[in-house]
Amino acid sequence: MIDARVRKQFLGSAETAPFTLDVHVKTQAGLAVLFGPSGAGKSLTLDSIAGFAKPDEGRILVDDVLLFDAAAGLSLSPQRRRCGYVIQNSALFPHMTLRENLAFAAERLDRLERRRQVGEMLERFRLTEVAGSRPAALSGGQRQRGAIARALLSQPRLLLLDEPSSGLDFALREEFYAVLDEVRKAFQMPMLLVTHDLDEALQLGDEMFVFKGGRVVQSGPPSAILDHPATEEVAGLLGRFNVFDAEIVAMDPAAKSSRLRCGPGFEIAGPYFPGHLLGSRLRLGVRAEMLRVKPFGGAGVVLKLLRQSRRTQTVRLEFAGGIVAEMPERAFDGESHNGEWVVEFPPSALRQLKS
Amino acid sequence: MAIDWFPLWLSLRVAALSTIVALLAGLWLGWLQTTKNYRGKDILDAVVTLPMVLPPTVLGYYLLIVLGRQSALGRLYEWIFGQSLVFTWQAAVLAALLHSAPLLIKFSTAALESVPRRYGKAARSLGASEWMVFWRVTLPLAWNQILAATTLAFARALGDFGITMMVAGNIPGRTQTISVAIYDAVEGGRGDVARVLVLVISAVALVSLTLANRLGRVSVGKATH
């Protein structure tokens with residue numbers, strides 16, 4: 001359990017505006033996501049928990065251990081907090097090999113035990129073959145796996161992940177998410193992940209804290225926040241999302257594809273969902289701007305247009321089944337008489353949401 | 001032409017000793033300036049920089065005041081070692097130190113500051129003590145730049161003239177360093193001796209600068225990860 005109440009005030013300077021961080025992050029979830037735009041106070045919250053920033057007021061409790069209590073004048077050093085901190089760009093020490101990096105986190109152990117644990121960790125994270133390489137010679141994915149392995153070797157109370165996937169391309173991200181999932185299952189330790197990527201937040205989070213301007217504006221399960229943004233501010237941060245239930249009616253692991261029967265009454269092609277069987281029910285999300293809308297022809301689902309509203313240079317289209325899409329105003333204007341449209345759901349844009 | 005090589009060996013010894021002391025001071029002050037927040041940090045920085053802008057005669061004068069026979073420190077030195085510090089080769093070491101240490105301290109601080117903070121954060125979160133963070137993480141990452149600065153400081157210590165003249169004097173065979181010997185040779189009309197010594201000292205300085213440049217480049221390459 002993580003319970004962090006943090007208040008910290010920054011007076012403005014010539015280059016920066018005054019800023020107040022005033023948040024309460026309390027979670028029992030396996031992986032809680034701190035989501036929000038840059039400068040919202042997410043990383044500062046993580047730094048406060050790890051002991052790199054000292055709040056003016058507040059209390060930070062992890063499980064039964066008090067890490068910080070302003071009222072009691074208690075503030076454990078970062079070394080004694082035992083927070084596994086995985087920072088963007090991995091922060092593996094560039095002058096050490098990967099094995100030396102891992103051994104650095106296990107200095108407290110005697111030589112034999114250290115060697116055993118480092119070896120085990122390298123194997124678990126599929127890094128044995130590159131153990132003798134320096135970080136500069138590793139791929140982005142290997143570096144991030146190494147950083148997590150190193151953090152775990154220090155036997156942390158929790159894992160703090162500050163935008164760990166930034167700089168990784170799509171394929172490496174997916175690989176990294178799978179690693180996080182493994183860690184979650186194997187180590188059963190609370191994790192806090194900072195991201196400004198909504199897809200990442202939805203894919204990974206058991207719980208989500210939406211940050212804006214130094215405050216938590218909403219918290220709860222990601223899909224609940226997505227379905228019911230508490231305020232327009234939150235809705236604005238989340239973008240426009242279509243959320244619906246779907247059932248896997250066919251799947252082809254070799255082609256990494258599936259066929260989905262969706263709640264609103266249509267069938268679409270989907271990606272392969274590892275760990276799910278034929279007949280599994282999923283909760284899916286897709287952003288409105290990711291849908292491709294055409295007046296006729298091509299692959300896609302034919303949907304009846306119910307409503308339309310104009311935005312700046314775009315038109316928002318509401319179809320039967322509650323599906324919302326957006327298209328450029330110019331493309332719409334020529335075909336505005338159309339009652340039915342072909343809506344394509346790109347498989348890569350479909351997100352499986354935690355229900 | 002008979003050349004006395006004593007000034008060259010004395011200069012090398014003086015420069016080596018002063019560089020070792022300057023390196024230790026540079027590491028300690030660099031660590032202090034990059035890891036601690038304390039009152040008077042800016043003042044200390046200004047005091048360390050001061051010798052770079054003051055004329056050598058002023059620095060020499062200060063040293064004479066602080067270490068001369070009339071001063072408490074000077075008397076203490078005399079009581080311990082049985083002789084005055086002024087006009088000894090040890091005074092030449094102090095002169096070279098004052099001439100070269102500010103450069104080394106400034107560069108070492110800059111090198112330690114240039115190590116991205118995320119490495120220190122990662123190390124601390126892994127349980128490493130402040131001592132371990134410095135020796136195992138920060139220093140190795142800044143080491144090439146500090147070595148480059150050390151080489152520069154050595155070259156600079158080798159070339160001190162003004163402060164050395166004021167506190168160590170020009171005693172052949174005892175305190176006469178190479179730069180003082182060159183001055184002495186020119187003054188005494190021994191142009192051939194001056195020429196050889198000038199060429200030797202220029203070659204040593206050139207080698208030092210080339211080495212410093214190479215070390216500096218290696219560290220930049222390393223930091224790009």
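Residues numbered from 1 in each chain as written. Chains lettered and ligands numbered in written order. Predicted model: local features only at pLDDT ≥ 70, side-chain atom pairs only at ≥ 80, totals over all residues.

Before going further, it helps to examine the interface of chain A and chain B. Across the contact, 19 residues belong to chain A and 16 residues belong to chain B. Listing elements by their share of the side of chain A that touches chain B, those giving two or more residues are helix H2 (78–81) and strand S7 (83–86) of chain A. In terms of residue count, the dominant contributor to the side of chain A that touches chain B is S7(A) (3 residues). When its residues are assigned to classes, the side of chain A that touches chain B shows 13 nonpolar, 4 polar and 2 charged. (Contact = placed C-beta atoms within 7 Å. Helix = DSSP H or I, 4+ residues; strand = E, 2+ residues; numbered from the N terminus. Nonpolar A, V, L, I, M, F, W, Y, C, P; charged D, E, K, R; others polar.)

How big an interface is tends to be stated in terms of the accessible area lost upon association of its parts. All names here are of chain A. Each assigned domain of chain A is listed here: domain 1 (2–238) and domain 2 (241–353). Distance from the C-alpha centre of domain 1 to the C-alpha centre of domain 2: 34 Å. Counting residues at the interface gives 8 residues for domain 1, matched by 6 residues for domain 2. Elements with a contribution of two residues or more to the side of domain 1 that touches domain 2: helix H7 (198–204) and helix H8 (222–227). The leading source of residues in the side of domain 1 that touches domain 2 is H8, at 4 residues. Here the side of domain 1 that touches domain 2 is built from residues that sort into 4 nonpolar, 2 polar and 2 charged. (Domains from an automatic or database assignment.)

Per-residue confidence for chain A gives a mean pLDDT of 89; residues scoring 70 or more make up 99%. No element of chain A has a lower mean pLDDT than helix H9 (residues 232–238) of chain A, which averages 75, and none a higher one than helix H3 (residues 98–104) of chain A, which averages 97. (pLDDT = per-residue confidence, 0-100.)

A few words on unusual backbone geometry. All names here are of chain A. The residue Arg126 is not glycine, and still its phi comes out positive at about 55°. Mapped onto the secondary structure, Arg126 falls in the loop between helix H4 (111–124) and helix H5 (140–153). With a phi close to 50°, Gln188 is a non-glycine residue in the positive phi region. Note on Gln188: 8 C-beta atoms within 10 Å, which makes it exposed. (Buried ≥ 20, exposed ≤ 12 C-beta atoms within 10 Å, placed from the backbone.)

Turning to the pairing of strand S18 (residues 314–319) of chain A, a few remarks are in order. Residues and elements named next belong to chain A. Here strand S17 (residues 301–310) pairs with S18 via 5 bridges, running antiparallel. The residue of S18 that forms the bridge with Leu305 is Phe319. Once S17 ends, the chain turns through 3 residues before running back antiparallel as S18, passing Gln313 with a positive phi of about 65°. Pairing between S18 and strand S19 (residues 324–328): 5 bridges, direction antiparallel. For Val315, the partnering residue across the bridge sits in S19 and is Met327. (Pairing = 2+ DSSP bridges.)

Residue and element names in this part refer to chain B. Along its 25 residues, helix H5 (residues 89–113) runs 35 Å from first to last C-alpha, staying within 8% of the 36 Å computed at 1.5 Å per residue. By the largest-angle criterion, Ser100 marks the main kink of H5, which is about 40°, and a proline, Pro102, follows within four residues. A large share of H5 lies buried, amounting to 20 of its 25 residues. (Expected span 1.5 Å × (residues − 1). Bend = angle between axes of the 7 residues up to and from the residue.)

Turning our eyes to something else, we now look at helix H2 (residues 41–53) of chain B. The periodicity of an α-helix, 3.6 residues per turn, causes residues three or four places apart in sequence to face the same way. Taking 1.5 Å per residue as the helical rise, H2(B) with its 13 residues ought to reach 18 Å, and the 19 Å between its terminal C-alpha atoms agrees with that figure. Burial of H2(B) is sparse: only 1 of the 13 residues sit out of reach of the surface.

All names here are of chain A. Spatial strand order, S2-S1-S4-S5-S6: 5 strands in an open sheet with antiparallel pairing. What marks the edges here is a single partner per strand, and that holds for strand S2 (19–27) and strand S6 (74–75). Of the strand pairs in this sheet, strand S1 (residues 2–10) and strand S4 (residues 57–62) are connected by 6 bridges, and their pairing is antiparallel. When the sheet's bridge partners are listed, Val6 is paired in S4 with Gly58. Along the sheet, helix H1 (residues 42–50) contacts S1, S2 and S4; its crossing angle with S1, the most-contacted strand, is approximately 115°. (Axes fitted to C-alpha atoms, helices over the stretch in contact; angles between N-to-C directions.)

The next point concerns the sheet that holds strand S20 (residues 340–344) of chain A. Residues and elements named next belong to chain A. With antiparallel pairing, 5 strands are arranged side by side in an open sheet as S16-S20-S17-S18-S19. Of all the strands in the sheet, just strand S16 (292–294) and S19 have a single pairing partner and so form its edges. Strand-to-strand twist in this sheet, taken as the mean axis angle between neighbours without regard to direction, amounts to 45°. Bridging between S16 and S20 involves 3 bridges; their strand directions are antiparallel. Note on S20: the bridge partner recorded for Val293 is Val343.

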